[in-house]
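Below, each chain spelled out in residue letters.
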Amino acid sequence: MQIRSITDNEKDIYDEAVTHPLQSYDWGEFKKTTGQNIERFGLFENDKMINAFQASFHKIPFIGSTVGYIPKGCMPDSEQLDALKEFAYRQKAIFIKLEPNVAHPADTSSVINNIRNSFEQERNFLLQNGAVHGKNLFTKYNFHLDLTPGIDELFDNLRSKTRYNVRLAVKKGVQVVEDTSESGMETYIRLMQETTSRQRFYSHAPQYYRTMWETIGCKANSMLHIFHAIYNGQVLAAWIIFLFNSKLYYPYGASSDAFREVMASNLIMWEVIKYGHENKCSCFDMWGSLGPNPDAKDPWYGFHRFKEGYNPVLMENIGTYDIVYNKFLYKSFNAADKLRWFILRTFHR
């Protein structure tokens, strides 16, 4: 097997080899516009690319070092870890954060135990090869919905309250349309600012989404799509979804506090599911959830319950691991990061 950096003219075969939109070539180009350095390498067997990685390197002010991040890449082996070490040296990285795109159903049945044992072997492999448990950027759990059944079966599988809410939205005249235009993104940004103010959580700055549209969304055959739920001429909900390698993803959503009784968010979720089914997607990755026994007092409980209404499978991700190359600066970085978040949360309150 050969491991080497890929060239720009290998973009298409690179995208076929990776398994998540955050590993896509276009996502890496987008991240470059935010000031990050991107390293990509492919794994070749008989001159055919069989797997690939993309790492972004974030500059740390004043000290000339970086932090690397590989979101939702494949599970690395020893050769790939060696290649990452070369990247780290080249980019002066303190550590590289790995969040492999590896998950299994969060189930305790004996059938699942074989998968769970394999899961533990992969975790142990990382820990035995210099990784430590790191601060997660993705949630530990997620929801996946199988989109291969017929559309009628998918609807029948919804929980009764969710089916009722979808039908109510249709009856009230809510309409869902795709608007992957510059103005469609501006509408999303406006609703996101309203949502973050109402629910008191952090989001990216407006320019982040504008640049995302300029580098990804405006392209022909883009993986990025924007959907609006409209009632009485007013956009009540706006979602950004990704369609990549026959899988559907829901990374960003925003909503208005107006006319909540017409259940616009329930309908937009259902219409996105239909969109994925029509485009022959095998799976809908809902991008995050709470665990098997969610706390009703958790601020994300309502969102968890909302997704649960569509009858997805609860998945457990393998977790977050940091490959550390400079232990002293790694400890200093984590201490500074904790202080930064303490200040942000205090100020936010």
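Going by the structure above, here's the rest.
This report concerns the structure included in the present document. A quick note: this is a predicted structure, and the numbers were derived from the prediction, not measured.

## Observations regarding the pattern of salt bridges
- One pass over the full model with this rule turns up 17 salt bridges.
- Linking glutamate 10 and arginine 4 is a salt bridge whose minimum nitrogen-to-oxygen distance equals 2.7 Å.
- For glutamate 120, the salt bridge is made with arginine 123, and the minimal N-O distance between the two is 2.7 Å. Of this pair, glutamate 120 and arginine 123 are both found in helix H4 (residues 110-128), three residues apart, which corresponds to roughly one turn of the helix.

## Some words on the sheet that holds strand S4 (residues 66-71)
- Taken in spatial order, the seven strands line up as S1-S2-S3-S4-S5-S15-S7 in an open sheet, and their pairing is mixed. On the outer flanks of this sheet lie strand S1 (2-5) and strand S7 (131-133), each paired with one strand and no other. Across the sheet, the mean angle from the axis of one strand to that of its neighbour is 25°, orientation sign disregarded.
- Against the sheet, helix H2 (residues 25-33) contacts strand S2 (37-45) and strand S3 (48-59), and its axis sits at roughly 160° relative to S2.
- Of the strands in this sheet, S1, S2, S3, S4, strand S5 (93-99) and strand S15 (321-324) are in contact with helix H3 (residues 78-91), which crosses S2 at around 155°.

## Quick look at the packing of H2 against helix H8 (residues 206-217)
- Interaxial distance between H2 and H8 falls to 9 Å at its minimum, and their mutual angle equals 135°. Here H8 runs oblique to H2, going by the angle between their axes. At the point where H2 passes H8, the crossing takes the right-handed sense. On H8, the residues touching Asp26, Trp27, Phe30, Lys31 and Thr33 of H2 are Tyr208, Thr211, Met212, Thr215 and Ile216.
- Here the residues of the contact of H2 with H8 sort into five nonpolar, three polar and two charged.

## Some words on the packing of helix H6 (residues 160-172) against helix H9 (residues 264-278)
- In the contact formed by H6 and H9, the axes pass within 8 Å of each other and the chain directions differ by 100°. The angle between H6 and H9 falls in the class roughly perpendicular. Counting all contacts with H6, which are made through Thr162, Asn165, Val166, Ala169 and Val170, the residues of H9 involved are Asn266, Leu267 and Trp270.
- Broken down by class, the residue content of the contact of H6 with H9 amounts to five nonpolar, three polar and no charged.

## Side note on H3
- Between its first and last C-alpha atoms H3 spans 20 Å; for 14 residues at 1.5 Å apiece the expected length is 20 Å, and the two agree.
- All of the buried residues along H3 are Gln80, Leu81, Ala83, Leu84, Phe87, Ala88 and Gln91. Across the axial projection of H3, the buried residues extend over an arc of 155°, all falling on one side. When the buried face of H3 is taken as reference, the exposed residues oriented beyond 90 degrees from it are Asp82, Lys85, Glu86 and Tyr89.
- Regarding H3, its N-cap is aspartate 77, as a side-chain oxygen of that residue lies 3.2 Å from the backbone nitrogen of glutamate 79 further along.
- Lysine 92 sits one or two residues past H3 and shows a positive phi near 55°.

## Re the packing of aromatic side chains
- Following the criterion strictly, the structure yields 22 aromatic pairs and no others.
- An angle of 65° between the planes, with centres 5.1 Å apart, marks the rings of tyrosine 231 and phenylalanine 259 as edge-to-face. Taken together, the residues span a long stretch of sequence, with tyrosine 231 in strand S10 (residues 224-231) and phenylalanine 259 in the loop between strand S12 (247-255) and H9 at a distance of 28 residues.
- Residue class for tyrosine 231 comes out buried when judged on its relative accessible area of 13%.
- Take phenylalanine 259: its relative accessible area is 33%, and that puts it in the partly exposed class.
- Each residue in the set Trp27, Phe30, Phe138, Tyr188, Tyr208, Tyr209, Phe242, Tyr249, Tyr252 and Trp287 is aromatic and connected to the rest through ring pairs, giving one cluster.
- Arginine 40 extends its terminal NZ or CZ atom over the ring of tyrosine 25, reaching a point 3.7 Å from the ring centre.
- One residue, lysine 72, lies across the ring of phenylalanine 138, its end atom 4.6 Å from the ring centre.

Thresholds, definitions, all that
- Residues numbered from 1 in each chain as written.
- Predicted model: local features only at pLDDT ≥ 70, side-chain atom pairs only at ≥ 80, totals over all residues.
- Heavy atoms only, no water.
- Salt bridge = Lys/Arg side-chain N within 4 Å of Asp/Glu carboxyl O.
- Helix = DSSP H or I, 4+ residues; strand = E, 2+ residues; numbered from the N terminus.
- Pairing = 2+ DSSP bridges.
- Axes fitted to C-alpha atoms, helices over the stretch in contact; angles between N-to-C directions.
- Contact = heavy atoms within 4.5 Å.
- Parallel < 35°, antiparallel > 145°, perpendicular 65-115°, else oblique.
- Left-handed = near helix turned anticlockwise from the far one by under 90°.
- Nonpolar A, V, L, I, M, F, W, Y, C, P; charged D, E, K, R; others polar.
- Expected span 1.5 Å × (residues − 1).
- Buried < 20%, exposed > 50% of the residue type's maximum accessible area, 1.4 Å probe, protein only.
- Arc of directions from axis to C-beta.
- Polar contact = N/O pair within 3.5 Å; in protein donor to acceptor, adjacent residues only side chain to side chain.
- Phe/Tyr/Trp six-rings, centres within 6.5 Å; stacked < 30°, edge-to-face > 60°.
- Lys NZ or Arg CZ within 6 Å of the ring centre and 35° of its normal.

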